[in-house]
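Examining the three-dimensional arrangement
Below are the chains, spelled out letter by letter.
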Amino acid sequence: MEVKIEESWKKVLQKEFNEKYFEDLIAFVKSEYQKSTVYPSAKFIFNAFDLTPFDKVKVVILGQDPYHGPNQANGLAFSVNDNIPTPPSLVNIYKEIESDLGVKTKNKNGNLENWAKQGVLMLNATLTVKAAQAGSHQNKGWEKFTDAVVKILSEQKENLVFILWGSYAQKKGSIIDENKHLVIRSVHPSPLSAYAGFFGSKPFSQTNSYLIFTGKEPIEW
């Protein structure tokens, strides 16, 4: 089965693409796009991989579900398309950047492509969702696929930073080898929990210090 995805990812994920569960998943997703409105648009399903090739990954931020409102989702966790209001969790992420680093984000809006191009893989656990129905494509196979992505990154790369916000991401990241990677954990940046430990957690300075320590370029957040 041919999957349109950036070449270096295609190589490391080929085994997954040949698995029965993935074929079933793609059949399900195709039928959903045909009969209802699904986000993100089909060309952006693998956008996180296309913008951040396997050999360029330095940081991994795990999310859960794509946004399910019109024109919001663009295939990157926490990110939205241009000309869409910045979602509340991302507003809080920007606040923490300013407090942590003493600078405002370079991003003009809620589109985080700029981070992706610097090596930040923003990976949702499920890569598609039905319009206005949060979680509608959960337990169809996406989670198994993205678990495999996390496992491959942990096993085949060294000195990555994994940022796990909230209990869902932390559970998904439990397979990461912490002897060879930095894992940063805190509560989720959502307005419901941000004041319970996200604000003041300093994930961005921790990330950049580790990248510099391991001989990599820091991220311009």
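Now for a look at the structure at hand. (Residues numbered from 1 in each chain as written. Predicted model: local features only at pLDDT ≥ 70, side-chain atom pairs only at ≥ 80, totals over all residues. Heavy atoms only, no water.)

For the chain, the helix and strand inventory stands at eight helices and six strands. Reading the chain from its N terminus to its C terminus gives the helix and strand order α-α-β-α-β-α-α-β-β-α-β-α-β-α. In terms of overall size, the chain behaves like a compact globule, its C-alpha atoms giving a radius of gyration of 17 Å where 221 residues would be expected to give roughly 17 Å. When its C-alpha atoms are laid out on the principal axes, the chain stretches across 45 × 35 × 25 Å. Residues counted as buried form 54% of the 221 residues belonging to the chain. Counted over contacts in the chain with a minimum sequence separation of 6, partners at least 24 positions apart contribute 66%. Here the chain holds 26 positive side-chain charges and 24 negative ones, and the gap between their average locations is 2 Å. (Helix = DSSP H or I, 4+ residues; strand = E, 2+ residues; numbered from the N terminus. Rg over C-alpha atoms; globule rule 2.2 N^0.38 Å. Buried < 20%, exposed > 50% of the residue type's maximum accessible area, 1.4 Å probe, protein only. Contact = heavy atoms within 4.5 Å. Lys, Arg positive; Asp, Glu negative; His and termini not counted. Charge placed at Lys NZ, Arg CZ, Asp CG, Glu CD.)

To continue, consider the environment of Ser-136. Note that Ser-136 resides in the loop between β4 (129–130) and α6 (142–156). Residues within four places of Ser-136 in sequence aside, it is in contact with Asp-65, Val-129 and Lys-130.

Opposite charge on two side chains allows them to pair when their charged atoms are near. Enumeration according to the criterion identifies eleven salt bridges in this entry. A salt bridge links Lys-172 to Asp-147; the shortest N-O distance between them is 2.6 Å. Of this pair, Lys-172 sits in helix α7 (residues 166–172) while Asp-147 sits in helix α6; the two residues are 25 residues apart in sequence, bridging distant segments of the chain. Residue classification places Lys-172 among the buried residues on the basis of a relative accessible area of 8%. Note that Lys-151 and Glu-155 form a salt bridge whose closest N and O atoms lie 2.9 Å from each other. Placement of the pair is Lys-151 and Glu-155 together in helix α6, with a separation of four residues, close to one helical turn. Overall, Lys-151 belongs to the partly exposed group, its relative accessible area being 42%. One continuous salt-bridge network, built from bridges that share partners, spans Glu-32, Lys-35 and Lys-130. (Salt bridge = Lys/Arg side-chain N within 4 Å of Asp/Glu carboxyl O.)

Every other side chain in a regular strand lies on the same face of the sheet, so the side chains alternate between the two faces. Burial of strand β2 (residues 59–63) is extensive: five of the five residues sit out of reach of the surface. Sheet topology places β2 next to strand β3 (residues 120–124); five bridges connect them, and they run parallel. Bridging from a neighbouring strand, Ile-61 pairs with Met-122 of β3. The pairing of β2 with strand β5 (residues 161–165) spans four bridges and is classified as parallel. Note that in β5 the partner of Ile-61 across the bridge is Ile-163. (Pairing = 2+ DSSP bridges.)

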